[in-house]
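This is what each chain is made of:
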Number of protein chains: 2
Amino acid sequence: MPTIKDVAKLSGISRSTVSRVINNHPYVNDEKRMRVKQAMKELGYVPNSSAQRLRGSKTKTIAVLISRIVNPFFSGLVDAMDEVATEAGFQLILCNTRGSKERELNYLDLLRTKQVDGVVLASIENPWTTIQPYLAYGPIVSCNEYTDQSDIPSFRINHFQATYEAVTHFINSGYSNIAICTGDETIGSNLGVDREKGYLKALSDHHMTPNEAWFFKNTSSVLDGRKVLERIEAMSNRPNAIYTGSDEVAMGIIAQSKQSAIRVPSDLAVIGFDDQQLAGLITPGLTTIRQPILEMGQRTMHHMIRILTNQTKMDGNTHLLLSELIVRDTS
Amino acid sequence: MPTIKDVAKLSGISRSTVSRVINNHPYVNDEKRMRVKQAMKELGYVPNSSAQRLRGSKTKTIAVLISRIVNPFFSGLVDAMDEVATEAGFQLILCNTRGSKERELNYLDLLRTKQVDGVVLASIENPWTTIQPYLAYGPIVSCNEYTDQSDIPSFRINHFQATYEAVTHFINSGYSNIAICTGDETIGSNLGVDREKGYLKALSDHHMTPNEAWFFKNTSSVLDGRKVLERIEAMSNRPNAIYTGSDEVAMGIIAQSKQSAIRVPSDLAVIGFDDQQLAGLITPGLTTIRQPILEMGQRTMHHMIRILTNQTKMDGNTHLLLSELIVRDTS
DNA sequence: TTGTACGCGTTATCAG
DNA sequence: CTGATAACGCGTACAA
């Protein structure tokens with residue numbers, strides 16, 4: 001590989017000036033600039049990014065932490081972020097934590113070891129007290145997830161309100177026995193808590209009391225959904241509506257219902273979460289809560305880049321985006 | 001940030017020995033090793049990767065080129081690769097080419113500028129003659145896609161054969177008027193060509209002749225599928241089976257059929273491609289060709305890492321994996 | 001077994 | 001406007 005030295009030699013001009021040409025500095029004689037460019041082309045010169053990083057301590061790289069890329073919610077988010085980052089000349093390192101605290105910390109170490117300029121947290125596994133110290137090494141922005149004590153920018157919808165609206169929709173549609181599925185309990189996350197509160201508030205606002213037997217915990221996959229339906233089938237006192245908090249779980253319930261006596265939505269109404277593509281494709285069409293994934297990803301990455309380019313500073317602001325209840329056939 | 005110098009100073013030991021400890025060299029006095037480790041812990045020292053890269057010209061980073069991360073096929077592939085790479089201590093840079101030749105070349109430049117040690121091509125936009133020169137800068141391995149002239153390792157299924165089997169399945173099931181959808185025509189890709197050949201071979205082997213009107217080109221999305229069904233509906237001479245080459249297109253066809261007089265599968269049998277999760281969830285269940293995505297991703301990344309760690313050398317071998325026709329209700 | 005000294009490729013500083 | 005030089009942090013030949 002040719003280096004800046006080779007270019008200097010070939011063009012008969014000093015390294016410094018070559019460097020200036022590379023970085024588009026003013027105050028370079030036009031004729032020399034030409035000679036340098038010519039030499040660069042001739043040698044197929046390209047700056048060594050490791051050296052640039054070492055020298056300038058900027059990597060033009062951002063780490064995006066998600067729990068699992070195969071989840072359409074996350075891949076959509078990453079897609080949106082990638083577009084904005086690429087546009088601004090940044091690279092993305094994919095950090096699949098797979099729900100592991102340890103992996104999350106390993107990825108946060110990318111910030112400490114100067115391998116990335118910033119970190120976007122789209123999932124959070126560790127308690128904030130564990131993550132907070134990493135702020136000393138660079139900016140961290142969160143998206144979707146958040147924690148109470150956090151002092152970082154955050155972009156997300158209001159899960160409490162979204163759930164409240166969904167459950168209220170059930171109630172207004174005449175359903176009175178409403179069950180809820182909650183996802184995996186994660187230490188660092190508040191989303192599940194918010195949703196549960198929204199559910200309970202909607203019930204109490206309409207003078208209903210929750211039924212402990214209708215709380216299905218740790219449900220997040222299609223298979224979990226299938227199991228939920230089986231458990232409901234075995235009950236004597238069955239719910240007639242269920243807030244699943246996940247399109248996958250909702251799909252599992254619907255798929256399983258076709259092998260059972262329970263009919264969706266006549267015996268059991270269902271509301272999912274995310275409005276994944278399949279929600280509108282299946283029969284019956286799945287009523288679900290749509291998150292503005294594209295906007296969330298774009299705005300998060302945009303904000304991160306503004307921080308990295310010193311156009312704005314870190315703060316603890318929460319940026320709330322709007323969710324939308326998409327009513328189809330299952331409710 | 002503390003450097004190796006600080007560790008040396010604190011422990012009263014030379015930089016070289018500290019470096020030896022970091023890199024687990026033999027010939028280091030146990031007592032000193034301890035002292036160094038102690039000092040590292042005390043200072044929270046962590047090696048600066050940019051310096052390591054500059055010095056050693058290894059980045060421990062691999063670029064994965066795909067066309068779009070939101071495609072479940074690609075996110076599954078990336079997930080599998082990520083697992084293997086992480087395990088081996090490598091990072092993945094996500095390269096969403098979005099079907100752009102220019103972006104693909106920009107990403108290949110990561111290899112030239114020493115920002116990554118190797119490149120995995122899971123999608124190919126440019127002709128091989130354009131890509132080939134990059135081999136001078138580091139190893140390139142392909143996965144799923146391939147090109148005739150290529151001299152790089154490749155992991156994929158046999159698309160000709162998979163299609164041949166699917167179409168033969170149609171024929172053996174009594175369908176005689178078989179249509180085909182082909183994806184976006186990409187310059188660097190042979191998959192579409194292979195599939196079309198498989199389709200034609202299956203027909204001719206059973207003394208059938210293709211009908212030009214039943215070739216639906218450039219179809220790759222759910223929406224494209226919907227349009228295909230509309231076009232079929234408008235035909236006087238309709239096919240009674242269709243090979244879609246894509247679960248998305250198949251889903252579009254099925255969804256649209258519910259708003260038309262055409263019934264799936266009685267009026268129109270459908271076969272998809274990939275066996276995405278939704279294929280088994282919808283009604284009717286989608287017959288589709290399953291690719292071993294997990295295995296493909298794992299083996300590709302495993303091979304790349306073996307090359308990067310000098311356990312094996314670059315070659316032009318093709319590693320064929322087995323696909324499987326999953327017969328459900330639509331055929 | 002340990003330390004000295006050099007170089008990896010860039011860029012910023014400073015003197016001219 | 002330009003060039004010499006130092007410095008970024010690390011690894012390793014070489015000498016001891």
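Computed from a prediction, not measured in an experiment: that's the story for all the values here. One numbering rule holds for all chains: residues counted from 1, following each sequence as written. Each chain takes a letter, starting from A, and each ligand takes a number, starting from 1, following the order in which they are written. Reporting in this predicted model follows two pLDDT cut-offs: at least 70 for local features of residues, and 80 or more for side-chain atom pairs to be given and counted; totals over whole chains, interfaces and linings ignore these cut-offs and use all residues. Side-chain numbers here rest on the full set of heavy atoms in the structure, without hydrogens or water.

(A) Structural view of the protein's contact with DNA strand D. Surveying the vicinity of DNA strand D reveals 25 residues, the closest of which are R20 and N29 of chain A together with I4, Y45 and R55 of chain B. The separation between a base oxygen of DNA strand D and a polar side-chain atom of R20 of chain A is 2.4 Å. At 3.4 Å from a phosphate oxygen of DNA strand D is found a side-chain nitrogen or oxygen belonging to N23 of chain B. Elements with a contribution of two residues or more to the surface near DNA strand D: α2 (15-22) and α4 (49-56) of chain A together with α2 (15-22) and α4 (49-56) of chain B. With four residues, α2 of chain A is the largest single contributor of residues to the surface near DNA strand D. For the surface near DNA strand D, the class distribution of residues is eight nonpolar, eleven polar and six charged. To be near a molecule or strand, a residue needs just one of its heavy atoms within 4 Å of it. N or O atoms closer than or at 3.5 Å make up a polar contact, with two conditions inside protein: a donor-capable atom paired with an acceptor-capable one, and, for residues adjacent in sequence, both atoms drawn from side chains. Secondary structure counts use DSSP, requiring at least four H or I residues in a row for a helix and at least two E residues in a row for a strand, with both numbered from the N terminus. Following the grouping adopted for this structure description, the nonpolar residues are Ala, Val, Leu, Ile, Met, Phe, Trp, Tyr, Cys and Pro, the charged ones are Asp, Glu, Lys and Arg, and the polar ones are all others, Gly among them.

(B) How the structure looks around the protein's contact with DNA strand C. As a matter of local geometry, DNA strand C sits amid 25 residues, with Y45 and R55 of chain A together with S16, R20 and N29 of chain B nearest to it. Counting only the atoms of DNA strand C within 4 Å of the protein, the fraction contributed by sugar and phosphate is 64%. For DNA strand C, a phosphate oxygen lies 2.6 Å from a polar atom in the side chain of Y45 of chain A. When contributions to the surface near DNA strand C are tallied by element, the ones reaching two or more residues are α2 and α4 of chain A together with α2 and α4 of chain B. Among the residues making up the surface near DNA strand C, the classes are represented as nine nonpolar, eleven polar and five charged.

(C) Representation of the nonpolar core. Definition of nonpolar core: a set of buried residues of the types Ala, Val, Leu, Ile, Met, Phe, Trp, Tyr and Cys, connected through side-chain atoms within 4.5 Å. Only protein chains enter the accessibility calculation, which uses a 1.4 Å probe; a residue is then buried when its area is under 20% of its type maximum, exposed when over 50%, and partly exposed in between. Judged by nonpolar contacts, the single largest core of 94 residues is most densely connected at I62, L77 and M301 of chain A together with I62, L77 and M301 of chain B. Residue contacts follow a heavy-atom distance rule, with two residues in contact if any of their heavy atoms lie within 4.5 Å. The contact partners of M301 of chain A, leaving out residues within four places of it in the chain, are I62, V64, M81, V84, A85, L92 and V120 of chain A. Formed by 50 residues, the second largest nonpolar core is a distinct cluster that contains C181, M235 and V270 of chain A together with I232 of chain B.

(D) Region of the structure containing the pairing of strand β11 (residues 318-321) of chain B. Residues and elements named next belong to chain B. Only one face of β11 is covered, namely the one carrying H319 and L321; the face carrying T318 and L320 has none of its residues buried. Note: strand β5 (residues 154-157) against β11, four bridges, orientation parallel. By the bridge assignment for β11, S154 is matched with T318. DSSP bridges decide pairing: two strands pair if at least two such bridges lie between them.

(E) Representation of the sheet that holds strand β10 (residues 287-290) of chain B. All names here are of chain B. The six strands lie next to each other as β7-β6-β8-β9-β10-β12, forming an open sheet whose pairing is mixed. Of all the strands in the sheet, the pair left with one neighbour each is β7 (215-216) and β12 (324-326). Note that strand β6 (residues 178-181) and strand β8 (residues 241-243) share three bridges and pair parallel. Pairing of I178 across the sheet is with A241, part of β8.

(F) Region of the structure containing the packing of aromatic side chains. Residue and element names in this part refer to chain A. Stacked, tilted and edge-to-face pairs are distinguished by plane angle, under 30 degrees for stacked and over 60 for edge-to-face with tilted covering the rest, among Phe, Tyr and Trp rings (Trp via its six-membered ring) whose centres lie within 6.5 Å. Going through the model one piece at a time under the given rule, you end up with ten aromatic pairs over all chains. Ring geometry for Y199 versus F215: centroids 5.6 Å apart, planes at 85 degrees, classification edge-to-face. Of this pair, Y199 sits in helix α9 (residues 191-205) while F215 sits in strand β7 (residues 215-216), and the two are 16 residues apart along the sequence. Owing to a relative accessible area of 10%, F215 belongs among the buried residues under this scheme. Lying over the aromatic face of Y146, R156 brings its terminal NZ or CZ to 3.6 Å of the ring centre. Definition used: whenever NZ (Lys) or CZ (Arg) falls within 6 Å of the ring centre and also within 35 degrees of the ring normal, the charge is taken to sit over that ring.

(G) Spotlight on the relation of the copies chain B and chain A. When the copies are superposed, the least-squares fit takes in the C-alpha atoms of residues with a pLDDT of at least 70 in both. When chain B is fitted to chain A, the best match, at an RMSD of 0.2 Å, comes from turning it 180 degrees and sliding it 0.1 Å along the axis. Seen this way, the second copy is the image of the first under a two-fold rotation axis. Ranked by how close their C-alpha atoms come to the rotation axis, the residues of chain B are headed by I93 of chain B, at 2.3 Å. With an isologous cut-off of 70% or more, the 100% of interface residues of chain B that recur at the interface of chain A puts this contact in the isologous class.

(H) A look at helix α1 (residues 4-11) of chain A. Residue and element names in this part refer to chain A. The complete set of buried residues in α1 reads V7, A8 and S11. Here the buried residues of α1 occupy an arc of 100 degrees about the axis, which is enough to place them on one side. Across from the buried face of α1, at angles greater than 90 degrees, the exposed residues are K5 and K9. Looking at the buried positions of α1, the neighbouring elements they touch are α2 and α3 (30-43). Remark: G12 follows α1 within two positions and exhibits a positive phi of approximately 70 degrees. Arc definition: directions from the helix axis to the C-beta atoms.

(I) Quick look at the environment of F160 of chain B. Residue and element names in this part refer to chain B. Position of F160 relative to the elements: it lies in helix α8 (residues 159-172). On the basis of relative accessibility, which here comes to 29%, the residue F160 falls in the partly exposed class. In the structure, F160 is positioned 37 residues away from K197 in sequence and 6.3 Å away in space, judged by C-alpha atoms. Once you skip the residues sitting within four places of it in the chain, F160 turns out to touch D194, K197, G198 and K201.

(J) Seen up close, the packing of helix α5 (residues 72-87) of chain B against helix α12 (residues 293-308) of chain B. Residue and element names in this part refer to chain B. Where α5 contacts α12, the two axes come as close as 8 Å, and the packing angle between them is 45 degrees. One finds that α5 runs oblique with respect to α12. Judged by the twist between their axes, the crossing of α5 over α12 is right-handed. Taken together, the residues of α12 that come into contact with α5 (itself represented by F73, G76, L77, A80, M81, V84 and A85) are I293, L294, M296, G297, Q298, T300, M301, H302 and I305. Each residue belonging to the contact of α5 with α12 can be placed in one class, and the counts come to eleven nonpolar, five polar and no charged. Angles run from 0 to 180 degrees between N-to-C directions of axes, and those axes are lines fitted to C-alpha atoms, restricted for helices to the stretch in contact. Note on angle classes: values under 35 degrees are labelled roughly parallel, values over 145 roughly antiparallel, values of 65 to 115 roughly perpendicular, and the remainder oblique. If you view the pair so one helix is near and one far, a crossing is left-handed when the near helix is turned anticlockwise from the far one by less than a right angle, and right-handed when it is turned clockwise.

(K) The arrangement of empty space enclosed by the protein in detail. Points on a 1 Å grid, built from protein atoms alone, make a cavity when a 1.4 Å probe fits but cannot get out and make a pocket when they are open with protein on both sides within 12 Å along at least 5 of 7 lines; residues with an atom within 4 Å of a point are the lining residues. Grid points are joined across faces, edges and corners, and a volume is the space filled by probe spheres set on the points. All told, the structure shown has two cavities of 30 Å³ or more when counted by the stated rule. The space that makes up the largest cavity amounts to roughly 40 Å³. Around the largest cavity sit R53, T61, Q91, I93 and Q115 of chain A together with R53, T61, I93 and Q115 of chain B, which together line it. Considered class by class, the residues forming the lining of the largest cavity number two nonpolar, five polar and two charged. Here the second largest cavity is characterised by a volume of approximately 30 Å³. Lining the second largest cavity, in full, are A162, E165, A166, I289, S323, E324 and L325 of chain B. It is α8 of chain B that provides the largest number of residues to the lining of the second largest cavity, a total of three residues. Split by residue class, the lining of the second largest cavity holds four nonpolar, one polar and two charged.

(L) Structural view of helix α8 (residues 159-172) of chain A. Residue and element names in this part refer to chain A. The length a helix should cover is 1.5 Å for every residue beyond the first. With 14 residues, α8 ought to run about 20 Å at 1.5 Å a step, and its terminal C-alpha atoms sit 20 Å apart, in line with that. For α8, the full list of buried residues reads H159, A162, T163, A166, V167, T168, H169, F170 and I171. By the N-cap criterion, in which a side-chain oxygen at the helix start approaches the backbone nitrogen of a residue two or three places on, α8 is capped by N158, the distance to F160 being 3.1 Å.

(M) Quick peek at the UniProt feature "domain: HTH lacI-type" (unreviewed entry) in chain A. Feature annotation in UniProt places "domain: HTH lacI-type" (unreviewed entry) on residues 2-56 of chain A, given in this structure's numbering. For residues 2-56 of chain A, the end-to-end C-alpha separation is 20 Å, with 69% helix and 0% strand making up the annotated structure. UniProt positions are given in the numbering used here, feature names are shortened, and annotations may be inferred rather than shown by experiment.

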